[in-house]
Every structure is written in structure tokens, then in C-alpha cells.
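Residues per chain, in single letters:
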Amino acid sequence: MEHQNPFTPHVVLIPTPMQGHVTPTFHLAELLCLAKLNVTLLTSTYVHQRINKSIEARFARYPGFKLEAVSDGLPDDYPRTGKDGCWASIQGFALTAQPFLREMLSSVGTSVTCLLVDGWLGFANNLAKEFGIPLIAIRCFSAAYYWLDAYLVKLIEDERIPFKEEDMDKLVENVPGLDTFLRNRDLPSFCRTKDRATCLGLQQAFADEVQRTSEAYGLILNTFEDLEGPLLSLLRSKCPRVYSIGPLHSHLKHRLDEEKTTLPISSSSLWEVDQSCLSWLDKKPAESVIYVGFGSLTILEKEQILEIWEGLVQSNKYFLWVIRPNLVIGGENGTPTPTALLEGTKERGCIVSWAPQEAVLAHPAVGGFLTHSGWNSTLESITAGVPMLCWPYFADQQVNSRYVGEVWKIGLDMKDKCDRKVVAEMVNDVLDRKKDELKESMARMSEAAKKSVTEGGSSYCNLDRLIQDIKMMSIKGAD
Ligand code: UDP
């Protein structure tokens, strides 16, 4: 069998241990397994314990696949959400993953062709250099966001960040490809800090990351040419091997269909999926429901959740809402939920703690997606052809929502507003008043997304090129 051939390439994939990075990296791992490469995926024990069974079943058919895990050093019930929680889990994981990877690369008998590593995990770049192994960076964000990172260094240097409160709607100057529509308001949330010292820390982090990626063999992006062509061209002027191979979830489905695999793609969800909402959707008319989901990391104040909830009830539309157990800061802090909200929800709402998001978006009853504009959610909505109502929380989400509302025109941007009247109005805009225009541009983009992952499409060809390049590395290494 091919995976036992000593010249079969062996790639090691290391995602940042968070849902939005783990999911696309498992999709990429499976795509590489389908190409008969040997694949090791290194994650945290926290992630491993939560996905163990489903992943074991999903990858059992690939004898060349191995899953390894190391602790992130945090207690199991540590909230790995919000800005601080995310950062703590990344740092904790990097601390233990580094010696683990070193051991793996030094051990006799483990030959590693190439490392495929998330852009935030700088330790792997040093080890790749030390052991003379090519490293390809994976970025689970848009091309635009990665491009912007490089310019943030300059914007901070020129003291244009932090910007003044009154300049929120001013265009960001001198960022090629973005400066005709990106406002200060649309910069990543951390640019809103007023503290110069925090800015300088960020500047260093971005500068290091951009430097590491420019030294990498290549860059893998979960995006596609028809979505981000102009930005991908700009990126290629700095980084010659850019593999845009997304949307990865749809790409994997397509390649599995080609193999005539009957097994479904099981989830890499860190939470137990509540499928019951699909039967609730079955009973609703076509395109009548707004799906509300804020991903895996967003946290809300109790006041914010109440405004959104009131808005949903006042919209008089059906709504399906994912309220993760750790979504609200301080949990249910004893304040009783107003009776009118509970009544309104009983009539028109369905609340679950974690949904089968891709299946929900593909359901005919869903007409809109109120989203935090995480990159995976954005791509999943595009593939399903569902217009978005964006309420970004942090990091790249402010940029993504600007693209959705202003550039691609496939949704509305509700950024920085958390008001029941606005929510109710905009839900009606997406489901009724602006439905036709949004659906028209969304249908075009959705079609382009599907085309990109079918034979001859840009993402399809780019993945073949990536696999070919890895195979060449293995042949050269064997010389
Ligand atoms: N997701 C899901 N069920 C939910 C909420 C989210 O399966 O109820 C998945 C969603 O399909 C996406 C991922 O979790 O693949 C969230 O990633 P995204 O980049 O959108 O946001 P993040 O969690 O990183 O903020």
C-alpha cells in the first residue's frame, strides 16, 4: 500500500487549538489523506478529548493518518473564549507542542517531509529551520486580513493607530487594495485600544508573523480566487507560493464525492451537536427563518444578549439561535428573563447550545444568517447561498463584515450597533425588504465558490499543485 512506501510524503499539520482553526485544518488533513499522503495532526488534549470519537471514526479509513495531542497546561474548565482565553490557550499549547515537535523531528525513523503550521505558532518555524524541513504557513483567515496584518505594522509605526474616537468612519489611507472602502471602524477590534504600549506589542507580533510567513515555503489560505482575486494577486507579489484552496469544507465534500465515498464527513465540533433544530426547521416555510450564531469564541454581556433577543422577538420572524453554555459573561446572573421574551421565543424561536451549522445553512427554511462574521461561518454562508447580517465581535471579523456589506454586497453590516430596534429592522431587511438584491449577488458568489472546488476550478488546481509540490519535496529529500 502506498502509505507504507518509504517515499510517501509525511506531513505534520499543527492548527491553533480553537474550533475555527481545528475544523478547516481537519478538512485539509483529510484532503491530503485522500491524496494518499501520510498525515500527522498535532492538537491539544482539550481539543482531542472533545472530538476524539468522531475523528477516530472519520479517519479510520486512512491508515496513514495519526492524531497526536499535548496539553495546553490549562484546567479543563478554563474558559478558552474571548480575547484573553484564546491567547492563554495558544500560549499554553505552544509551550508543550514545541518540545513534542522537537522530539518528533529528532527521532530516528520518523521522517517528516514538510510542516503545515498555523501562522500564529512561531515555534514551529524555528524548528523547521533547525531541522532543515520546509514549512508551509496555514492562515485560517481571509487573504485581505493577512494582507492587512503587514500594513498594521506600518499604521502603528506612523501613529495612525490608535486612532481618535471621532475618526471611526475615516478611510484607512495607504493600504493598497483596501483603502477605498476600509474605515478605521473596520480594522481588527484590537486596533481600538487607546494604549500605545499595547499597540507596540501588537506591532511586534504582526511584524514577527509577517516575517515568518515571508520566510515560509508557501502560504495556504482557505479562500478562492473569485472571492478575493485582487488581494491574492497583491499577496503573490510578496509571497510567490500562495495556495488558495477554499472553501475547504466544500472542497472536501467534492473530493469525497469524486471517490464515491458514502461515509458522511463527521463533525470536528468541540461541542455536542443538537440535531433537533433540523426537525424544527422542517416545519417552517421556505426562507422564513433567521439563523443566529456567533461561533465558538464570542462572549456577550447580559445586556447585549437581551437587546439581540428583544430584536429577534420584535422582528416577528422565526429564529434559530445558538446560545453556547459559555456565551454570556457571568452566565445566568440571576436576572430573570422577561416573560414577553420567553413567550415570543415559544411562538417563533428555537434555542440550541450548538447546531449542525452547515446543515442548518443548507436547510431551505433558512433565509438569513445573523453572524459574528467568523471566517468559517462567512465561507459556509457563501457556499450555502444565505445572505448575512453581520455583527462582528473581534479580530478579523470587523474586516470580513465590511467585505460582506460593502464589497461583495451579500449581506448587511450591523457593526457596533446592539439595539433591539436595529436588530428587528435589519432582520426584516435581510429576510424581506432587501432579500432579492442580496440573494442575487449571493447566488453569483455561491456558484463561483462551488465552481472553484470542482475539477478545473482554481481551488481544485491549487490543491493539486500543493500536493505535487509536497511530493517533489519528498523526492528531493530522498535523493
Ligand atoms: N459551528 C457549529 N455549530 C455552531 C456554531 C458554530 O458547527 O452552533 C461551527 C461553524 O460551522 C464554523 C465554526 O464552528 O465552522 C466557527 O468558526 P468561525 O471561524 O466562524 O468562528 P470562530 O468560532 O472561530 O469565532
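The sections below set out a description of the structure shown in this document.

Definitions and cut-offs
Residues numbered from 1 in each chain as written. Predicted model: local features only at pLDDT ≥ 70, side-chain atom pairs only at ≥ 80, totals over all residues. Heavy atoms only, no water. Helix = DSSP H or I, 4+ residues; strand = E, 2+ residues; numbered from the N terminus. Expected span 1.5 Å × (residues − 1). Bend = angle between axes of the 7 residues up to and from the residue. Buried < 20%, exposed > 50% of the residue type's maximum accessible area, 1.4 Å probe, protein only. Contact = heavy atoms within 4.5 Å. Pairing = 2+ DSSP bridges. Near = heavy atom within 4 Å. Polar contact = N/O pair within 3.5 Å; in protein donor to acceptor, adjacent residues only side chain to side chain. Areas by Shrake-Rupley, 256 points an atom, 1.4 Å probe, with all protein chains shown as cover. Axes fitted to C-alpha atoms, helices over the stretch in contact; angles between N-to-C directions. Patch = residues over 30% accessible without salt bridge, like charges linked within 9 Å, V, L, I, M, F, W, Y side chains within 5 Å. Salt bridge = Lys/Arg side-chain N within 4 Å of Asp/Glu carboxyl O. Lys, Arg positive; Asp, Glu negative; His and termini not counted. Charge placed at Lys NZ, Arg CZ, Asp CG, Glu CD. Core = buried A, V, L, I, M, F, W, Y, C linked by side-chain atoms within 4.5 Å. Phe/Tyr/Trp six-rings, centres within 6.5 Å; stacked < 30°, edge-to-face > 60°. Lys NZ or Arg CZ within 6 Å of the ring centre and 35° of its normal.

**Thoughts on helix α5 (residues 143-157)**
Moving on, step 1. Given a rise of 1.5 Å per residue, 15 residues ought to cover 21 Å, and the 22 Å separating the end C-alpha atoms of α5 matches this to within 8%.
Moving on, step 2. The largest bend in α5 amounts to roughly 35 degrees and is located at alanine 150.
Moving on, step 3. Judged by how many residues are buried, α5 sits mostly within the fold: 12 of 15 residues are covered.
Moving on, step 4. Here α5 has its buried residues at Ala143, Ala144, Tyr145, Tyr146, Trp147, Leu148, Asp149, Tyr151, Leu152, Val153, Leu155 and Ile156.
Moving on, step 5. Of the surrounding elements, those touching the buried residues of α5 are β5 (135-139), α6 (196-215), β6 (218-221), α7 (225-236) and α14 (397-407).
Moving on, step 6. In the stretch just after α5, glutamate 159 is the one whose phi turns positive, near 60 degrees.

**Side note on the pairing of strand β4 (residues 114-118)**
Moving on, step 1. Of all 5 residues that make up β4, 5 are buried, and the element is covered over most of its length.
Moving on, step 2. Here β4 shows no split at all, with Cys114, Leu116 and Asp118 on one side and Leu115 and Val117 on the other all buried.
Moving on, step 3. Examined bridge by bridge, strand β1 (residues 10-14) and β4 share 4 bridges and lie parallel to one another. What sits directly across from valine 11, in β4, is cysteine 114.
Moving on, step 4. Taken together, the 4 bridges between β4 and β5 define a ladder with parallel strand orientation. Bridge pairing in β5 places aspartate 118 opposite isoleucine 138.

**Quick word on the site of the ligand**
Moving on, step 1. Of all residues adjacent to the ligand, which total 18 residues, the nearest are Ser296, Ala355, Asn376, Ser377 and Glu380.
Moving on, step 2. Tryptophan 375 is positioned with one of its backbone polar atoms (N or O) 3.5 Å from an oxygen atom of the ligand.
Moving on, step 3. Within the side chain of asparagine 376, a nitrogen or oxygen atom sits 2.8 Å from an oxygen atom of the ligand.
Moving on, step 4. Calculation on the ligand without its partners gives an accessible area of 540 Å², and the protein chains cover 93% of this total.
Moving on, step 5. Listed by contribution, the elements that provide at least two residues to the shell around the ligand are α1 (19-34) and α13 (375-384).

**With respect to the environment of glutamate 259**
Moving on, step 1. Following the sequence through the fold, glutamate 259 ends up in the loop between α8 (248-258) and α9 (276-282).
Moving on, step 2. In sequence terms glutamate 259 and glycine 73 are 186 residues apart; their C-alpha atoms lie 40 Å from each other.

**Remarks on the sheet that holds strand β11 (residues 366-371)**
Strand-to-strand pairing in sheets goes through backbone hydrogen bonds, with the strands running parallel or antiparallel.
Moving on, step 1. Pairing is parallel across the open sheet formed by 6 strands, whose spatial order is β10-β9-β8-β11-β12-β13. What marks the edges here is a single partner per strand, and that holds for β10 (349-352) and β13 (411-413). Put simply, the sheet's adjacent strands are angled 15 degrees from each other on average, direction ignored.
Moving on, step 2. Relative to strand β12 (residues 388-390), β11 runs parallel, the two sharing 3 bridges. For leucine 370, the partnering residue across the bridge sits in β12 and is leucine 389.

**What to know about the sheet that holds β6**
Moving on, step 1. Spatially, the 7 strands line up as an open sheet ordered β3-β2-β1-β4-β5-β6-β7, and their pairing is parallel. Two strands lie at the open edges of the sheet, namely β3 (65-70) and β7 (242-244), each paired on one side alone. Taking each pair of neighbouring strands and ignoring which way they run, the sheet shows an average axis angle of 20 degrees.
Moving on, step 2. Two strands pair when backbone bridges link them, and β5 and β6 are joined in this way by 4 bridges, in the parallel orientation. If you follow isoleucine 138 over to β6, its bridge partner there is isoleucine 220.
Moving on, step 3. Along the sheet, α1 contacts β1, β2 (38-44), β3, β4, β5 and β6; its crossing angle with β2, the most-contacted strand, is approximately 165 degrees.

**Here's the deal with a negative patch on the surface**
Moving on, step 1. A grouping of Asp257, Glu258, Glu259 and Glu455 is seen on the molecular surface, where their side chains present a negatively charged patch.
Moving on, step 2. Secondary-structure assignment places glutamate 455 in the loop between α16 (435-452) and α17 (458-478).
Moving on, step 3. A relative accessible area of 64% means that glutamate 455 is categorised as exposed.

**Comments concerning the nonpolar core**
If you look at soluble globular proteins, the nonpolar side chains tend to sit buried side by side.
Moving on, step 1. In this structure, Leu28, Leu101, Leu115, Leu116, Leu178 and Leu320 are the most contacted members of the largest nonpolar core, which totals 133 residues.
Moving on, step 2. Considering every element that reaches this core, the biggest residue donor is α5, with 11 residues.
Moving on, step 3. Among all residues touching leucine 101, those that are not within four sequence positions of it are Val12, Ile14, Leu115, Phe123, Ala124 and Leu127.
Moving on, step 4. Core analysis: the second largest hydrophobic core is formed by 26 residues, Ile290, Phe319, Val328 and Val427 among them.

**Examining the packing of aromatic side chains**
Moving on, step 1. Here the structure, examined in full by the defined rule, presents 16 aromatic pairs.
Moving on, step 2. Here the aromatic rings of phenylalanine 141 and tyrosine 145 are separated by 5.0 Å at their centres, their planes lie at 65 degrees, and the arrangement is edge-to-face. Here phenylalanine 141 matches tyrosine 145 in class, with each residue buried.
Moving on, step 3. Clustering of aromatic rings is evident, with ring pairs tying together Phe26, Phe59, Tyr62 and Phe65.
Moving on, step 4. If you follow arginine 80 out to its NZ or CZ, it ends over the ring of tyrosine 46, 3.8 Å from the centre.

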